[in-house]
Structure formats: structure tokens, C-alpha cells
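Here are the chains, one letter per residue:
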Amino acid sequence: MALIEIRNLTKSFGSVKAVDGVDLDINAGEFLTLLGPSGSGKTTVLRMIAGFETPDSGSIKLNGSDITYLPPYERDVNTVFQDYALFPHMDVITNIEYGLRVKKVPKEQRREKALNALAQVRLSGYENRKPSQLSGGQRQRVALARALVNRPSVLLLDEPLGALDLKLRQQMQIELKELQREVGITFIFVTHDQEEALTMSDRIAVFDKGRIQQLDKPATIYEKPKNEFVAGFVGVSNLISGAAAEKLLGKKGTFTVRPEKIRIASKGASGTVREVEYLGPATRFLIDLDAGAQLVVLQQNAEQSAIDVESLRGKKVALSWDKESEYQVS
Ligand code: ATP
């Protein structure tokens, strides 16, 4: 049995259908990401699981019990928000203890649990700082510790790394994933960042227009996107369709070939290099195929000298890829 069972969940705000018939099973211990563009409904789904929003119809079960209409504090879930929501006047340890104090856990136990949670987020020694004396990443860790101390079955994370700069964000991605493995709590993570979703998740639910477009493991989402939306939102879509598909692939339909699967070769589909972008470890080319499609090609700068790649701009080239890299999206 799944830990969370969501059935036919819908929610409108006025004339906007924010969530439109979502079915989703989430397993115990899983790191599940809700990924989608702004306005696709992922936050509204998270808020309905948390209890901050009431669905128009459908149901949510946790551990077999219906929680659809329970108030937030009666659900065995905790939420971590992007803006941390720490109490500014309380020091770190008091912030972490807060939930336990509300639950009337005795003082000594409270302190011990809070110190454990602080150690889990690698902030031992910071107990008496105020939130204003912490960096963004440290504040986010305190917010995590404050949620973890309650030992919820499920932790809901709404773009928790959104306010951090890129380096810190990448570091926190690794730490957060490690922490989730350590504590074994189910994480439901909302993000619009596809790379973040690919690196952290056990499974990803890709949202668009209030619906789940695909629910799969990261590699399946990337390698076998179910439709054009998923192909374009997760990675570069690189679509070949219509006459170009018939000519180049000998097939009818719309296909995607991921940029790193394509080689610039001496034989293959001919085209003209429109753009060259030198990225350091790799170079990205934008190529207009004579048959009509436009493809992005990513080449590792492993062997050939990358110094000269710029000279390819405007030149005729041929592209080749393995048959199994063509994936039909419609
Ligand atoms: P973002 O990444 O921008 O948070 P999202 O995918 O999480 O986007 P939601 O926040 O779930 O999307 O919003 C889905 C739709 O519902 C949007 O069109 C949004 O404007 C609308 N919406 C969400 N909350 C409310 C609200 N409280 N009142 C009115 N409309 C809302």
C-alpha cells in the first residue's frame, strides 16, 4: 500500500482550474518531486496535502486514513517553506523546539530532540544564534531541523532552495538528499528547476495545466518523455516531426533526440551550423537541418581542441545518432 494515495484531486480558484484531476501514489521513504512551470498547480497540490487548501473534490489518504478535510495540525506531515518562516526573536534551539513545546513534550526531552535535529543538519554549536545571525543556507537548515524534530511521516518542501545562490543550492541539494536517506522520511519536494528534480528525486511528477503529464524515475522522464511538453520542459526538446521525420527517420510522428546523443560526423543528416556556444567542458551547437528541423547538439570537449569550434559557425555539417536515441513523443 502506498503511504499517500491521492485520487481525482481538483481545485479551482475562480475560473482558474489550478488542479485538474490528479491521481498520485507516493511510497513510504520516497523522494518524490512535483516539477512544473509556474502556475502548473504543483504548489496547490502540496498545500492540499498539508491541509492549507481544501480541494473542490477528490481525496487524500495518509497511511490508509482519509485526511482530505483534516486541519493541518492533525496531519502527520510538516512543511518547509522557501522563506524559512523562522521566528526572528527566538534563537535557533528555541525555534527548533517550538513544535515540541506546542505538543507539551517535557523540557529535557525537547532539548535532547532539538539538539539531535540540529546535529542532523550539521549545525551543532549554533543553538544560541538568532536567525538574523545566520546565512541563507544555515537558516534553511534550521527550518529543516524544526520540521524534522517532529518526526513526521512526510515532509513537504516548497521550493526550499529557491532563495539560495547557485553554488549553495547545489551543495544543499546533495545534503538534503543525504539527509532524506538518513532519516528515511518521505519527502515531497516542489520545484520548477528540472536539473534539481533530476538530481534529487526517486520519482518525478511533471505537471502542466493542473495535470500530471508524466510520473516516472528521473532517467525515464529524460530519456523517454511521454509527450512534447515533457520533452521540452525537462531538457532540450529537439523535436523532429512532419516531413522532416519522414525524410530523416523514415517514420511518421514527432520524435526527440537528446543533444548529447548526436554526433557531428562525416555522414548523416546534413545541415548548417547556426550558433556555437563554448561552455568549457562541452560545446553546444544549434544546427538547421536541410530537411527542416532545428537541433541542438552537445559535444564534450574531450579530445579535439575546442579552441576552433567558433570557426564552425555557418559551415555545412552532417549529424548522426543511433536509432535507439530517437524517441517518439506523439
Ligand atoms: P509556482 O511555481 O509559480 O508557485 P505552481 O505550479 O506551484 O506555480 P500554483 O501555485 O499551484 O502553481 O497555482 C496554480 C494556479 O492557481 C495558478 O494559475 C495560480 O495563479 C492559481 N492560484 C493559486 N493559488 C491561488 C489563490 N490563493 N487564489 C487565486 N488563484 C490561485
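Within every chain, residues take consecutive numbers counted from 1 along the sequence as written. The model is predicted, so local features are restricted to residues of pLDDT at least 70 and side-chain atom pairs to those at 80 or more, both for listing and for counting; the totals for chains, interfaces and linings are taken over all residues. No hydrogens and no water enter the side-chain calculation; it runs on all heavy atoms of the structure.

1. Points about the site of the ligand
Working step 1: Whether a residue is near a molecule or strand is decided by its heavy atoms; if any one of them lies within 4 Å of it, the residue is near. Around the ligand sit Phe13, Val16, Ala18, Pro37, Ser38, Gly39, Ser40, Gly41, Lys42, Thr43 and Thr44, and those are all the residues in its vicinity.
Working step 2: Polar contact is defined as a pair of N or O atoms within 3.5 Å, subject to the rule that within protein one atom must be able to donate a hydrogen and the other to accept it, and that residues adjacent in sequence are counted only when both atoms are side-chain atoms. Here Thr43 contributes a side-chain N or O atom positioned 2.4 Å from an oxygen atom of the ligand.
Working step 3: Between Thr44 and the ligand, the recorded distance is 2.5 Å, taken from a side-chain N or O atom to an oxygen atom.
Working step 4: Against a free-state accessible area of 630 Å², the protein chains account for coverage of 59% of the ligand.
Working step 5: Where helices and strands are cited, they refer to DSSP runs of H or I of at least four residues and of E of at least two residues respectively, numbered from the N terminus. At the level of secondary structure, the elements contributing two or more residues to the shell around the ligand comprise strand S2 (16-26) and helix H1 (42-50).
Working step 6: Ranked by residue count, the leading element in the shell around the ligand is H1, at 3 residues. Areas reported as accessible are Shrake-Rupley estimates using a 1.4 Å probe. Residue values count occlusion only from the protein chains shown.

2. Comments concerning the environment of Ser325
Working step 1: Looking at the element boundaries, Ser325 is found in the loop between strand S17 (316-320) and strand S18 (327-328).
Working step 2: Note on exposure labels: buried denotes an accessible area under 20% of the residue type's maximum, exposed denotes more than 50%, and partly exposed covers the range between, all computed with a 1.4 Å probe on protein chains only. Residue Ser325 is classed as buried on the basis of its relative accessible area of 16%.
Working step 3: Placed 79 residues apart in sequence, Ser325 and Glu246 show a C-alpha to C-alpha distance of 16 Å.
Working step 4: Those residues within four positions of Ser325 in sequence are excluded, and the remaining contacts are Thr256, Val257 and Lys261. Pairs of residues are marked as contacts when any of their non-hydrogen atoms sit within 4.5 Å.

3. Some thoughts on the domain arrangement of the chain
Often the size quoted for an interface is simply the accessible area lost on bringing the parts together.
Working step 1: An automatic or database domain assignment supplies the start and end points of every domain. Splitting the chain by domain gives domain 1 (4-232) and domain 2 (239-328).
Working step 2: Between domain 1 and domain 2, the buried area comes to about 690 Å², and carbon and sulfur atoms account for 49% of it.
Working step 3: Accessible area that two parts lose when put together, with a 1.4 Å probe and added across both, is what the buried area reports. Of all residues in domain 1, Tyr222, Glu228 and Ala231 bury the most surface against domain 2, accounting for 60% of the area lost on that side.
Working step 4: Any carboxyl oxygen of Asp or Glu that lies within 4 Å of a side-chain nitrogen of Lys or Arg is treated as forming a salt bridge with it. In this assembly, domain 1 and domain 2 are joined by 1 salt bridge.
Working step 5: Ionic pairing is found between Glu223 and Lys261, a salt bridge with its closest N-O pair at 3.2 Å.
Working step 6: Remark: the boundary between domain 1 and domain 2 carries 4 residue pairs in polar contact (both at pLDDT 80 or more).
Working step 7: For the side of domain 1 that touches domain 2, the leading source of residues is helix H7 (residues 218-223), giving 3 residues.

4. Looking at unusual backbone geometry
Working step 1: Of note, Lys104 is a non-glycine position whose phi angle comes to about 65 degrees, a positive value.
Working step 2: In this fold, Lys104 is placed in the loop between helix H2 (92-102) and helix H3 (107-120).

5. A short note on the packing of helix H4 (residues 136-148) against helix H5 (residues 166-183)
Working step 1: Between H4 and H5, the shortest axis-to-axis distance is 11 Å and the interhelical angle comes to 20 degrees. Regarding the angle of H4 to H5, the classification is roughly parallel. In this structure, the crossing between H4 and H5 has a hand that is right-handed. Contacts between H4 and H5 pair Gly137, Gln140, Arg141, Leu144 and Leu148 from the former with Leu168, Gln171, Met172, Glu175, Leu176, Leu179 and Val183 from the latter. For helices, the axis comes from a line fit to the C-alpha atoms of the stretch in contact; other axes are also lines fit to C-alpha atoms, and the angle between any two N-to-C directions lies between 0 and 180 degrees. Working definition: roughly parallel below 35 degrees, roughly antiparallel above 145 degrees, roughly perpendicular at 65 to 115 degrees, and oblique for all remaining angles. Left-handed describes a crossing in which the near helix is turned anticlockwise from the far one by less than a right angle; the clockwise case is right-handed.

6. Quick look at the nonpolar core
Working step 1: Among buried residues, those of type Ala, Val, Leu, Ile, Met, Phe, Trp, Tyr and Cys that are joined through side-chain atoms within 4.5 Å constitute a nonpolar core. Ranked by internal contacts, the top residues of the largest apolar core, which has 33 residues, are Ile96, Val121, Leu144, Leu155 and Leu157.
Working step 2: Residue assignment for this core shows that the elements contributing at least two residues are H2, H3, H4, strand S7 (154-158), H5 and strand S8 (186-191).
Working step 3: Here this core takes 6 residues from H4, the largest share from any one element.
Working step 4: Leave out the neighbours within four places in its chain, and Ile96 touches Ala114, Ala117, Leu118, Val142, Ala145, Arg146 and Val149.
Working step 5: Counting 26 residues, the second largest nonpolar core, distinct from the first, contains Ile4, Leu34, Ile49 and Ile67.

7. What about H3?
Working step 1: For a helix, the expected span equals 1.5 Å multiplied by the residue count minus one. Taking 1.5 Å per residue, 14 residues should reach 20 Å; H3 reaches 20 Å between its end C-alpha atoms and fits that length.
Working step 2: What H3 keeps buried is the set Arg110, Ala114, Ala117 and Leu118. Around the axis of H3, the buried residues are gathered within 100 degrees of arc, so they sit on the same side. Structural note: H3 exposes Glu108 and Glu112 on the side pointing more than 90 degrees away from its buried face.
Working step 3: The inward-facing, buried residues of H3 contact H2 and H4. Arc, as used here, means the arc of the directions from the helix axis to the C-beta atoms.

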